[in-house]
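Given next are the chains, with one letter for each unit.
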Amino acid sequence: MLELSHSKFSSSFDSGHHRRDRLDSAIMSTISGPRAGVDPGTGGAKTIEDELSLPILLAERVRKAVGEADFFKSECAELGRQADLLAGMLRAAVRRLSAIPNPYERPARRIAAETSKSLDRALSVARRCRRSGFLRRVVSITTGSADVRKALALLDASLGDLRWLLSIYSSDDPSDGGGGGGGVVVSLPPIASTDPILSWVWSCVAAVQMASGPSDRAEAATSLANLALDSGRNRKIIIEEGGVPPLLALLRDGAASLDAQIAAAAALTNLSADRELVSLIVADLAIPVVVQVLADSPMRLQARLATLVARMAAHDPVAQEEFARENAIRPLVSLLSFELPLDDASPNSKKTTSIHSLVRINRESAANSPNPPNAKGVSTSRDQQPHPPYYYYHHRKERENESPEMKLHLKVACAEALSMLSRNCVSNSRKITETKGLLCLSKLIERERGELQINCLMTMMEIATAAESDADLRRSAFKMNSPAAKSAVEQLLRVVQEGSSPLQIPAIKSLGSLARTFPARETRVLRPLVALLGHWNPDVAAEAAIALGKFASPENFLCVEHSKAIIEFEGVPPLMRLLRPGEKAQLPGLVLLCYLALHVPSSEALERAKALGTLESVSRSAVAQHASLKELLPKAIYQLELYRAGGHPRMDIDQDLP
C-alpha cells in the first residue's frame, strides 16, 4: 500500500513537471513565432532585438532551474554561472546593436539561434537534475554527468561566439566596452570553426557597413575582393551573407575615400563571375547605383565601374536590359569620346547651335542628375555628341590632369563595356548609334592601336551583327550618305586591307553583316574580301568566304550583281582551293560557290575551274548532308548542267527541282 502511494506521488510529480515543460515550450514557441517582434519596415521579419530576447529568456530559465537541482549541484552551478554570463553578453549585444544606425545583423541572428539551442539543451539537463521519480533519478545518475559536460561545452562555445560578436560591434567609445577599432576582426568564433571563411566574410562585411574610418572600410572591401577572387564558393558565401548591399552603399557614399569606392567596385567585379551570381547582384538593385556613380566620379573609379558593367553584361542578358533601362550607354560613350573630336567627315559641314538642342540637353541632364550644374556655355549641334553638362563639368579638371595611361585604361574599359552591352542586343546597339557612338568608334579605330582598337572593333562588329537582324537599325545607322556610316566602313576596309589577323576577323564579320546596305556600285568593299580568300590564315579565309556568301545570298536583293563582281575580281580560283577536304573554309566556300553557280551559271570562270565536277564530287561526300547544303547543292548542280547542255535561262533559287 505504501509502495502504491509512493508510486502515485511520483507519477503526479512527474506529470507536473511534464506540464511545466509543455507550458515552457508553448511560451517559447509564442515568443519565436511569426507574430512576435515583427518589424513593419522589414517586410514581416523579426527585429534583431527580438531575436536576441529569446536566448536571454532561456538564460533566465536556466538560472532558475539550476537553483532547483538536487543532483550534480556543482556542475549545475557552473551551468548557472555561464548562463548569467551569456545573459549579460546578450544584453550588451542588444545595447550595441541599438546604438548603431545601420547594423550588419547576419552574424547576430545566426549566433542568437545557436545560443538558443545551447541554452535549451542546458535547460533540459538542469531540469533532469531535480528530485523526481525513481526511474528518472536512475537515468539522471547514470547519464547526467555526460549530459552536463556536453551542455557546459555548448555554453562555452556560445560564450566564445558572443565575445566575437561584441568585438565586431565594438564602438569607438571605450566606456561602452568597445575596442575602438571598427576594422576587420581576425579572430575565429567557435560557430565558424568548421568554416573559417564564414567568420572572415562576416567580419569584412561588418567593417564595410559599420566601420567609421575610411581606411578600415577600404581594407575590408579589398579583403572581400580578394576572397571573391579565390573561389566560387567564397563568392557565393559573400552574396548569401548579404555582402552586396554594404558594398553598394560604400560605392555610392560620396564621403568615402576614393580608394574605398574603388575597392568596393573591385569586389563587385570579382563577384560577377557567372550568370547566377550576377542575377543575385542585379536583384540587390546594383545597376542603378553603378550607373549613377559611373556618370559622375573620378576617372580611376570610372574605369573600375566600366569593367564591372562589362563583366555583368557579359554574363547576364537581364543585366544588359537593366543597363539599357538605366541609360548606361550615354556615359560610356561620353567617356570613350573624351578628348576626341567628333566632327563630320565632310569638310564643308557647318555646325549650328539650335535652341531646341539646348532645351533637349537640359532636359536630359535634369532627368539624369539630381543637382545638375548650369549648362551655360556648352555648345551643341546635331552633328556633335550630346554631352550632358554633368558629364562635362564634374571632375573635369581631375580628368584633364590624369596620366595618359589612366585615360587609355578608362577608354579600353568603356569600349569593352559597350561591346558586352551591344552583344545580341538590338536596343543597346541602337542607343550607341544614337549617341554618335559609331563615329566615336571609327575615329578610335583609326587613331588607336592595341587593346583599345580591338575592343572598338568588337563593339562595331556587335552593332553590325545587330543591324543584320534588324532592318530599322540598318537603315538608320548605316545609311551610306551618313558621315558616321561612311567613316565606319572606311575604317573597316582599312583594317581588312592593312591589319593583322586578330583585327581582320571582326572587321570582315562586320562587313559581311552589312552586306545588304551596300549598293551595286560599292564594289570597293568586295575587292579586299575576295583577295582574302587566298589568305594564309584559314580563319581569315573562312570568314572572308562567309562574308562574301552574305553578299551573294538570295536574301540580298543585289545578289546577282554582287556575284558577278566576285567572279570579275577573280574570286573563283582561290575559292576552289578552299574546297579541299579538311579545309576549315570548305563549308562556307561550298555555300559561296553554290550561290555563284545559281546566279551566274554561264560564267566562263566557273567552267574553267570545273565547278560542276567539284560540286558533283562533293554531293557524294558527307559534307553534302549539312543543313546549309542539303537543298542548295542539288540546285546549283542542276543549274550548271542546264547551261552546259544548251544555255537555258537561269533557274530561280526557290524553284523546285524536277
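Residues numbered from 1 in each chain as written. Predicted model: local features only at pLDDT ≥ 70, side-chain atom pairs only at ≥ 80, totals over all residues. Heavy atoms only, no water.

- Named according to an unreviewed UniProt entry, the protein is Protein ARABIDILLO 1 originating from Cocos nucifera.

**Describing the overall build of the protein**
Part 1 of the reasoning: Secondary structure summary: the protein contains 33 helices and 0 strands in total.
Part 2 of the reasoning: Scored against the burial criterion, the 658 residues of the protein give a buried share of 51%.
Part 3 of the reasoning: In the protein, the proportion of contacts linking residues at least 24 apart, taken out of those at least 6 apart, comes to 72%.
Part 4 of the reasoning: Surface exposure of the protein reaches about 30,700 Å², of which carbon and sulfur atoms provide 52%. (Helix = DSSP H or I, 4+ residues; strand = E, 2+ residues; numbered from the N terminus. Buried < 20%, exposed > 50% of the residue type's maximum accessible area, 1.4 Å probe, protein only. Contact = heavy atoms within 4.5 Å. Areas by Shrake-Rupley, 256 points an atom, 1.4 Å probe, with all protein chains shown as cover.)

**As for the nonpolar core**
Part 1 of the reasoning: Ranked by size, the top nonpolar core spans 201 residues in total, and within it Leu 251 and Phe 323 carry the most contacts.
Part 2 of the reasoning: When sequence neighbours within four positions are dropped, the list of residues in contact with Phe 323 reads Ile 287, Val 290, Val 291, Val 309, Met 312, Ala 328 and Leu 421. (Core = buried A, V, L, I, M, F, W, Y, C linked by side-chain atoms within 4.5 Å.)

**Considering the packing of aromatic side chains**
Part 1 of the reasoning: Within the structure shown, the criterion is met by 2 aromatic pairs.
Part 2 of the reasoning: A centroid spacing of 5.9 Å and a plane angle of 45° characterise the contact between Trp 164 and Trp 202, whose relative ring orientation is tilted. Of the two residues, Trp 164 sits in helix α5 (residues 134-168) while Trp 202 sits in helix α6 (residues 196-210), which places them 38 residues apart along the sequence.
Part 3 of the reasoning: Overall, Trp 202 belongs to the buried group, its relative accessible area being 0%.
Part 4 of the reasoning: Ring centres 6.0 Å apart and planes at 15° place the aromatic pair Phe 518 and Phe 551 in the stacked group. Here the residue Phe 518 occupies a position in the loop between α25 (501-513) and α26 (526-531), and Phe 551 occupies one in helix α27 (residues 538-552), the gap between them amounting to 33 residues.
Part 5 of the reasoning: A residue is classified by how much of its surface remains accessible, and Phe 551, at 1% relative accessible area, is buried. (Phe/Tyr/Trp six-rings, centres within 6.5 Å; stacked < 30°, edge-to-face > 60°.)

**Here's the deal with the environment of Leu 438**
Part 1 of the reasoning: Considering the arrangement of structural elements, one finds Leu 438 in helix α21 (residues 437-447).
Part 2 of the reasoning: A C-alpha to C-alpha distance of 7.4 Å links Leu 438 and Ala 485, two positions 47 residues apart in sequence.
Part 3 of the reasoning: Those residues in contact with Leu 438, other than ones at most four positions away along the chain, are Ile 432, Met 460, Ala 477, Phe 478, Ala 484, Ala 485 and Ala 488.

**Some words on the environment of Ser 170**
Part 1 of the reasoning: Note that Ser 170 resides in the loop between α5 and α6.
Part 2 of the reasoning: Its relative accessible area of 16% is what places Ser 170 among the buried residues.
Part 3 of the reasoning: Distance from Ser 170 to Ala 93, taken between C-alpha atoms, is 9.5 Å for residues 77 residues apart in sequence.

**Observations regarding unusual backbone geometry**
Part 1 of the reasoning: Of note in the backbone geometry, Asn 327 takes a positive phi value of approximately 60° without being a glycine.
Part 2 of the reasoning: Its place among the elements puts Asn 327 in the loop between α14 (317-325) and α15 (329-336).
Part 3 of the reasoning: Not every positive phi belongs to a glycine, and Glu 570 is a case in point at roughly 60°.
Part 4 of the reasoning: As for its placement among the helices and strands, Glu 570 is situated in the loop between α28 (559-568) and α29 (572-577).
Part 5 of the reasoning: Overall, Glu 570 belongs to the exposed group, its relative accessible area being 63%.

**Focus on helix α7 (residues 214-230)**
Part 1 of the reasoning: For α7, with 17 residues, the first-to-last C-alpha span of 25 Å sits near the 24 Å given by 1.5 Å per residue.
Part 2 of the reasoning: Listed as buried for α7 are Asp 216, Arg 217, Ala 218, Ala 220, Ala 221, Ser 223, Leu 224, Ala 225, Leu 227 and Ala 228.
Part 3 of the reasoning: Tucked inside the fold, the buried residues of α7 contact α6, α8 (232-240), α9 (244-252) and α10 (258-271). (Expected span 1.5 Å × (residues − 1).)

**Some words on the confidence of the model for the protein**
Part 1 of the reasoning: Across the protein, pLDDT averages 81, with 78% of residues at or above 70.
Part 2 of the reasoning: Every residue in residues 1-24 is under pLDDT 50, and counting partners more than four places away or in other chains gives 14 contacts.
Part 3 of the reasoning: The low-confidence segment residues 344-362, where pLDDT is below 50, has 23 contacts with residues more than four positions distant or belonging to other chains. (pLDDT = per-residue confidence, 0-100.)

**Things to note about the packing of α27 against α28**
Part 1 of the reasoning: Taken N-terminus to C-terminus, the directions of α27 and α28 make an angle of 135°; their axes are 7 Å apart at the nearest point. The orientation of α27 relative to α28 falls into the category oblique. For the pair α27 and α28, contact is made by Leu 548, Phe 551 and Ala 552 and by Cys 559, His 562, Ser 563 and Ile 566, respectively.
Part 2 of the reasoning: Broken down by class, the residue content of the contact of α27 with α28 amounts to 5 nonpolar, 2 polar and no charged. (Axes fitted to C-alpha atoms, helices over the stretch in contact; angles between N-to-C directions. Parallel < 35°, antiparallel > 145°, perpendicular 65-115°, else oblique. Nonpolar A, V, L, I, M, F, W, Y, C, P; charged D, E, K, R; others polar.)

**Re the packing of helix α19 (residues 404-422) against helix α20 (residues 426-434)**
Part 1 of the reasoning: Relative to each other, α19 and α20 sit at 135°, their axes nearing to 7 Å. Relative to α20, the element α19 lies oblique. Residue-level inspection shows Leu 418, Leu 421 and Ser 422 of α19 in contact with α20, the latter providing Asn 428, Ser 429 and Ile 432.
Part 2 of the reasoning: The class makeup of the residues in the contact of α19 with α20 is 3 nonpolar, 3 polar and no charged.

**With respect to the pattern of salt bridges**
Part 1 of the reasoning: Summed over all chains, the structure comprises 23 salt bridges.
Part 2 of the reasoning: For the salt bridge of Arg 109 with Glu 105, the shortest nitrogen-to-oxygen distance reads 2.9 Å.
Part 3 of the reasoning: Put simply, Arg 275 and Asp 316 hold a salt bridge, and the shortest N to O gap is 3.7 Å. Pair noted here: Arg 275 is in helix α11 (residues 275-283) and Asp 316 is in the loop between α13 (299-315) and α14, with a separation of 41 residues, a long-range link. (Salt bridge = Lys/Arg side-chain N within 4 Å of Asp/Glu carboxyl O.)

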